[in-house]
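Summary of the model geometry
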Amino acid sequence: MNKKKKIILAIIAILVVCIGSYGVVRHNNEVQAQQKQEALIKKEKENLESAKSAVDQAYKTRDSKDIEAANKAIDKLSDSQKEEKAKLSKRMSKLDGLIKQLSEINSALEKANISKTDTDIKSVQTLLDKVTDDYLKNDKKAIQNKLDALKAQIVKDVEKKKADAKAAEEAKLKETVQAQQTQQNQTDQQAPSIDTTTAQNNQASGQPVYQEQPQQNYQQPVYQTPAEQPNYQQSAQPNNNQQPAQQTPNKPSTPSQPTGPNGGNGTANGAGIVDSPGGWDTAGNVGMEWQ
């Protein structure tokens, strides 16, 4: 009996030990599993925070490297974080669209700065009017200021161009007038007058030289009736046949001559011109004066 009891007790002890060991192992496994789960949750949380920070950095800098880093951080999120992952991915897609929109506006503004055409300027304004997101609020304001400055500069350039064209036209006209005046002065200095040429030709041929005098209005000469002629009477002969002293008759008074238009004596020359200054004028050279 004693031997059987000992065997039974030994078996019970073994069972107790086995059961205890199993419980310990199981507990340890549960603890380890829980620790792993907690570590996984912690890691996922850290990855989510990292992804959010990367997305914020990409929005802040818009740098291609930061954008790439944000997309990689989103890809590290686990399947249990699908909702958060979708939100972050959507934000990155929006950023990509906003950057493309801004790039398109900047390209249009650059083109307008070069061409300065009304069509390109209106194109920039149309693109700006489509910007409604607050994220591009400051960008929109800055581009609008640049566009307004470009418009003002174009107006100023147009006014300056008109002013320059007007000034150039006036300068050209003034230069033309001066050139014509200079040419006229040179012509007057180089070309002898008709009278000078005629005088030189007449001197060379031995003909008299005359100069044209200003014409005067012709006045009809006034003729005055000449004074009566004195009577000449011969004295009676003396009876003593002596020659009496001859009496000299009084000199008759000179009759007044008619006054001509030039203050002369009213005598007409061979051409019928009264008081001709030169005395030999013909009807074709009235007013010429002997030198």
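Further up the page is the structure itself.
Residues numbered from 1 in each chain as written. Predicted model: local features only at pLDDT ≥ 70, side-chain atom pairs only at ≥ 80, totals over all residues. Heavy atoms only, no water.

We now examine the overall build of the protein chain. The helix and strand tally for the protein chain stands at six helices and two strands. Helices and strands in the protein chain line up, N terminus first, as α-α-α-α-α-α-β-β. Counting every position in the protein chain, which comprises 291 residues, the buried fraction comes to 19%. As displayed, the protein chain has an accessible area near 23000 Å², and 52% of this comes from carbon and sulfur atoms. (Helix = DSSP H or I, 4+ residues; strand = E, 2+ residues; numbered from the N terminus. Buried < 20%, exposed > 50% of the residue type's maximum accessible area, 1.4 Å probe, protein only. Areas by Shrake-Rupley, 256 points an atom, 1.4 Å probe, with all protein chains shown as cover.)

What follows concerns the environment of Ala73. Relative to the elements of secondary structure, Ala73 occurs in helix α2 (residues 64-75). Apart from the residues within four sequence positions on either side, Ala73 is in contact with Ser50, Ala51 and Ala54. (Contact = heavy atoms within 4.5 Å.)

Here the focus is the packing of aromatic side chains. Taken as a whole, this structure holds one aromatic pair when the rule is applied. Plain terms: the ring middles of Tyr59 and Tyr135 are 5.2 Å apart, the flat faces sit at 75° to each other, and that makes the pair edge-to-face. Of the two residues, Tyr59 is situated in helix α1 (residues 2-61) and Tyr135 in the loop between α4 (118-129) and α5 (137-190); the sequence distance between them amounts to 76 residues. In this structure Tyr59 comes out as buried when scored by relative accessible area, which is 12%. Sitting over the ring of Tyr59, Arg91 keeps its end group 4.7 Å from the ring centre. (Phe/Tyr/Trp six-rings, centres within 6.5 Å; stacked < 30°, edge-to-face > 60°. Lys NZ or Arg CZ within 6 Å of the ring centre and 35° of its normal.)

The nonpolar side chains of a soluble globular protein tend to be buried, and buried together. Ile105, Ile121, Val124, Leu128, Ile143 and Leu147 are the most contacted members of the largest nonpolar core, which has 16 residues in total. The set of elements that each furnish at least two residues to this core consists of α3 (82-115), α4 and α5. Take this core: its biggest share by element is six residues, from α3. Beyond its immediate chain neighbours, meaning those up to four positions away, Ile143 contacts Leu102, Ile105, Asn106, Leu109 and Leu128. Membership of the second largest hydrophobic core comes to 14 residues, among which are Leu48, Tyr59, Ile67 and Ala70. (Core = buried A, V, L, I, M, F, W, Y, C linked by side-chain atoms within 4.5 Å.)

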